Structures are given as structure tokens and as C-alpha cells.
Amino acid sequence: MGLEIGFFMSFDQIALFSLFGLVFVFLLWGRFRYDLVAFCALLIALLLGLVPKEDAFSGFGHPATVIVALVLIVSRGLINSGAIDVLTRHLIDPARGLPGHISLIGGLGGLLSGFMNNVAALALLMPVEIQASKRAGRAVGLTLMPLAFATILGGLFTLIGTPPNIIIAAFREQALGQPFAMFDFAPVGLICAVVGIAFIALVGWRLIPRAGNGGDGEKAGFEIENYIAELLVPEGSGAVGQRIADLDDTAEEADAALIGLVRNGKRKPGRARLEEIAAGDILVVEARPDAIDRLRGLLTLEYAGEEYHAKAAAGGMSLIEVVVPRDARIDGRSALSLGLLYRQGVTLLGVSRQGRKFRNRVRKLPIEAGDVLLLLGPSERLSDVTQWLGCLPLAERGLSVTQRSKALPAALIFAAAIALASFGLVYLPVALACAAVLYVLLNIVPLREVYDQIEWPVVVLLGSMIPLGSALEQAGGTGLIASGIITLTDGYTAPVVLALLMVVTMTLSDVLNNTATTVIAAPIAIEIAQTLQVNPDAFLMGVAISASCAFLTPIGHKNNTLIMGPGGYAFGDYWRMGLPLELIVIAVAVPSILFFWPL
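We now turn to the structure provided with this report.

1. A few points about the overall build of the protein chain
Along its length, the protein chain carries 26 helices and eleven strands. Of the accessible surface of the protein chain, which amounts to about 23500 Å², a share of 62% is contributed by carbon and sulfur atoms.

2. Digging into the side chain of Arg353
Along the chain, Arg353 falls in the loop between β9 (347–352) and β10 (372–378). Using a relative accessible area of 7% as the deciding quantity, one classes Arg353 as buried. Of the polar contacts made by the side chain of Arg353, one reaches the backbone oxygen of Pro366; its length is 2.9 Å. For Arg353, the side chain forms a polar contact with the side chain of Asp371, separated by 2.6 Å.

3. Thoughts on the packing of aromatic side chains
This structure, assessed with the given rule, holds ten aromatic pairs. Look at Phe26 and Phe32: their rings are 6.2 Å apart centre to centre, the planes differ by 50°, and that puts the pair in the tilted class. Residue Phe26 is classed as partly exposed on the basis of its relative accessible area, which comes to 31%. Since its relative accessible area comes to 36%, Phe32 is described here as partly exposed. Residues Phe149 and Phe551 carry aromatic rings whose centres are separated by 4.8 Å and whose planes lie at 55° to one another, so their mutual orientation is tilted. Of this pair, Phe149 sits in helix α7 (residues 141–154) while Phe551 sits in the loop between α23 (536–548) and α24 (558–562), and the two are 402 residues apart along the sequence. Ring pairing ties together the aromatic residues Phe115, Phe157 and Phe183, which thus form one cluster. When the ring centre of Phe180 is taken as reference, the NZ or CZ atom of Arg172 above it lies at 4.8 Å.

4. A word on the side chain of Gln13
Assignment of secondary structure puts Gln13 in helix α1 (residues 11–29). One polar contact links the side chain of Gln13 to the main-chain carbonyl oxygen of Ala475, over a distance of 2.6 Å.

5. Points about the packing of helix α9 (residues 186–202) against helix α26 (residues 574–596)
For the pair α9 and α26, interaxial distance at closest approach is 9 Å and the crossing angle is 150°. The angle between the axes of α9 and α26 places the two elements in the roughly antiparallel class. Between α9 and α26 lies a crossing whose hand is right-handed. Residue-level contacts link Pro187, Val188, Ile191, Cys192, Val195, Gly196, Phe199 and Ile200 of α9 to Met577, Pro580, Leu581, Ile584, Val585, Val588, Ala589, Ser592, Ile593 and Phe596 of α26. Along the lines of polarity and charge, the residues of the contact of α9 with α26 split into 16 nonpolar, two polar and no charged.

6. Section: the pairing of β10
For a regular strand, side chains alternate in direction, first toward one face of the sheet and then toward the other. Of all seven residues making up β10, seven are buried, and the element is well covered by its neighbours. Pairing of β9 with β10, which is carried by five bridges, proceeds in the antiparallel orientation. From the neighbouring strand, Val351 faces β10, where its bridge partner is Leu373.

7. Considerations on the state of the cysteines
In this structure the tally under the stated criterion is zero disulfides. Cys549 takes part in no disulfide bond, and the closest cysteine sulfur, belonging to Cys192, lies 6.7 Å away. The class of Cys549 is buried, set by a relative accessible area of 0%.

Rules and cut-offs
- Residues numbered from 1 in each chain as written.
- Predicted model: local features only at pLDDT ≥ 70, side-chain atom pairs only at ≥ 80, totals over all residues.
- Heavy atoms only, no water.
- Helix = DSSP H or I, 4+ residues; strand = E, 2+ residues; numbered from the N terminus.
- Areas by Shrake-Rupley, 256 points an atom, 1.4 Å probe, with all protein chains shown as cover.
- Buried < 20%, exposed > 50% of the residue type's maximum accessible area, 1.4 Å probe, protein only.
- Polar contact = N/O pair within 3.5 Å; in protein donor to acceptor, adjacent residues only side chain to side chain.
- Phe/Tyr/Trp six-rings, centres within 6.5 Å; stacked < 30°, edge-to-face > 60°.
- Lys NZ or Arg CZ within 6 Å of the ring centre and 35° of its normal.
- Axes fitted to C-alpha atoms, helices over the stretch in contact; angles between N-to-C directions.
- Parallel < 35°, antiparallel > 145°, perpendicular 65-115°, else oblique.
- Left-handed = near helix turned anticlockwise from the far one by under 90°.
- Contact = heavy atoms within 4.5 Å.
- Nonpolar A, V, L, I, M, F, W, Y, C, P; charged D, E, K, R; others polar.
- Pairing = 2+ DSSP bridges.
- Disulfide = S-S within 2.5 Å.

These values are about where atoms sit, not about what they do.
In C-alpha cells form, the structure reads like this:
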């Protein structure tokens, strides 16, 4: 295919391998969002003739892409209706012992993840867990990582639980003529999830750095990580005419620290300790939310935009803490560039970044995934703006956002859609689409929210990578990779080859998006199975399990990123529990796959 280059590879193969290599480099670098990287790669492939023009945007209409989008809408309906929230509140008891508590909330998170997007399941349970940790007087870092890992594991046992399962099912239909059904993943997925969550509850949480140390345990909670915030000095403030050093006693009384001064839009060098404060200056403060407010009262300071809020906030002003997931609207952007105050009427008051300092103005600071933001605004607007930003609130849920009267209809609609799809009476994307439409008609998911619920970066990633993966397969590239793995394991049995494929896939998923990893690994699995003349379903199941299980880094899965700031975790904290968990998953998955999907 194409001009032959060298002895073994054609031009098309060399070009596609080079293109995928560049994609992986850029994804690892993280400078550009993965959807932009994937879409640019697709355009390059089209310009080089590697992807036929008639297949250019076939990935956007692919069943896997459609299902991923619809699952997110349906997940939002289940949350909005309060159907899940009611169950959660009746089961969570903060007085329960830690292994029992992790078993329960991890099991609940895993169960929810099987039937809704696992990111949505974590979004639902994380605020509940933070409140439970507060009431129990324990560090939230002890339980957030176990909860995140449990929700990842829970997605293994159904078709809609995680994007890799959806992709694998669609690829099986394309390659073998029949997709995996809703619960084909259940035998292996359930065993991996149960064993994994049992390990997390009994042993895993003890491996979390700092959290297992009684002396440092309280430092693992997100509240200990102070915010960097800014307070305006108005006319008549007690700070006017004083030096920053003169205010140390007052700041200490408020349990805050003054770390800088902004004048005429520019921050003074260092901590400006000897600078005399004037009206119109901005004090840079490091403190918890309550301490920031206390200092504001002691020195008669103002929040940025407070006068604006006072005019617009009919129901009064409130503070809310939110965590930034990857690919949120604000990820990589500043509050100023978004026009957060003037477009949405909300102030970014402070930012907590795992204890790291920064010199940027708060409103000009590019926000990173894992940051915890302190937002100030009208009480009636904060929930909508949090959702608009793509962030998750770190507060008790269910006070005003759920519609409990619609919990039963929402649950019944969802159950009917799953049942119809499971028995093969209705094509799964159609069943989910009908559920989504009914949610909109019943106002369980308001029409204005429908498109906000779809993770468009994931849709673009899938839509771009699917044609690229098909091109690599058609050019014989996946066959070369499969041959390389088989050559490497020459003389070993098929189960050993399966285990190696799972290790490679899992490693890629730890550093790359699991969706991209699955798109590449699925055709390789088929090629290996055909070469070995064994059942391809076993190898597809291996890819499905391993692509979803990314536990070593905070970038391997969005759930890992979400807990980083609130849990007070460092980048290197994940592998301590994640590595033995990945080894356990492989050790359990391989014999389970061989039993339920014999070679």
C-alpha cells in the first residue's frame, strides 16, 4: 500500500506510525488539549492521503461516539432527579469504621459507575464523602483516592460504565459482525471490581502517603491547603497608612498570612513587607475561606467585585469551593479571559494549588486541572456558574439542585432503556437517546443544559482517533505491532501474550487518555488473536479491562485528576496504592477472562 520504503514497512505505515508517535508526544507533553492534538492529526492524515476523504469525519457518527455523549446526558438526569442522591444519603454513616466505610462508599461508587459515567458517579459522591470526613473528624485524603479508584473499577462491568467498553463493543461489531451486549463485560468486570475494592478497603488506603500517618493525617484534607486570595483596600479601611509588616498581629489573629501587595494592577516584588498601604491597593492573602472573611472584617477590606455583587445579588452573596477537572471550560484559562465577573457575575476569590505559591494576579492566573477555586457571587447564580465552568462543588449536594419528585420517573425511564437494550429489543444508542429526550421533555434535564453535559473534547477525540485507527489497521500497522508482541513472547502460551498485552495497554492508559489507548489497542488485540488462532473476545476483554484501569498517575483518568486538589495528593502519591492494584487486576483478570471467554 503506497510506495515501499525500506524492507518491511510501506510509506503509509511509516507515516501513520510517525503521526501516532507525534500524537503520543503531544499528549504526554500536555501543552495542548488532547482533542486539538487528535483533530490536527486527523487533518494531517487527510492531507497526506492516509485517511480517505469519504472517511474523514466518520468517527463523529460512530456508535461509540454517540453512546458516550448520550450516557453523559442520562447521567445528569439521574443526578438532577435526586434518584441517586436519596440512596447515597441513607447509606453513608460517617461513624462507621474506615475499612467498612470505604467498602460501602466504594461499593456504592462502583455500582453507580456501572450504570452512569464514572466521572459523574465521582462527581456525585465526592462532596458527600468530604462532608462525611468532616463529620467523622478524619482526613479526606484517606478516602478520596479509594473512592476515585472504586468508581473507575465499577465502570468495568457494563457496556456503558466506561468509554473503553463502548469502543471495544463497537469495534467487535465492526471486526466480527456482532457487538458485545450490555452485560457481557459483567463476569470479568465484576470479579475485578469486587476484588479491587476489597483490596482498597482492607489494605490500599493504608498505602496512601501521609494519610496513614496519624500525626500528619489531618494534612491530607483539602481544607488545610490555603487559598491565595486578593482583598481590596477601600477608603476608610484600617489598613490604609500602615505597612504590611504592621498588620502581622491582625493577620495572625485571623489565622491568615499577608504575602503580597498589588498596586496599579502590578504586584510589588517579594512580600512588600515595608510598603505603606494606600486606598485602592490589593492585599494578597494566604488563608482558608473562613480566615479570609475574618481578616476582611478586622481590617474593613472588600472582596473584588463586592460592590458589583451587592447590586446584583437579590438573594445575598455566598462562597463556594469547586474543583477543576481536566478539560473544564476554565482549565488552561484565567477568570479574566473568561469574563467570569462581567459575563457571569461571579468573582474568582482564591485558588488553592496543592500548597504551591504563584505570583500571578488571581484573576489572571491560568487555572490548572486539580486546582480548587473559591468563588464568590450571588447565591442564586453559583450553582449555574459552577456547571458553566465545568467544575464540581465541594459542598453538601442536594439542597436545591435536585427534583426529588422526579426521582422515580427518572429511575424507571433509565431502567426501561437499559432493559430494552439488554434484551436486544432496541439498539442501545436509540434506547439512550429516547431516555435523554424523555428527560428533556419532563424537564429532568433542562434543554439549556443538554449540550453542556456532553464532554465535547472526548467526542472530538473519538471522532478524530477512530478514522486514524482504521487507517493504521488498513495499512497493516496494527499487524506489525501484533507481530512484534508475538515475536517478543515467542515460545510462550497465549495467556502470557494476553497478560503482556494488558500490561502494555494499562501502561499506555496511565499516561495517555484511555479512549485513545483503546482505539489503538483494540485492532492489535484482534491481530494477535488471529495470528495465534485463538478466540479474539478474550483479547478484546483484556484491552477493555486494562485500558480502564489507570491508577498510577493523576493524569491517567479524569477521576484521578479530580481528587488531587481536594485530597491534597502529590503526583507521586498515586502509584503507591495504584501499582499493587493494577497488578491485582491483571492477576485476577487473566484467569477470569480465560474461564468466561476460553481461548
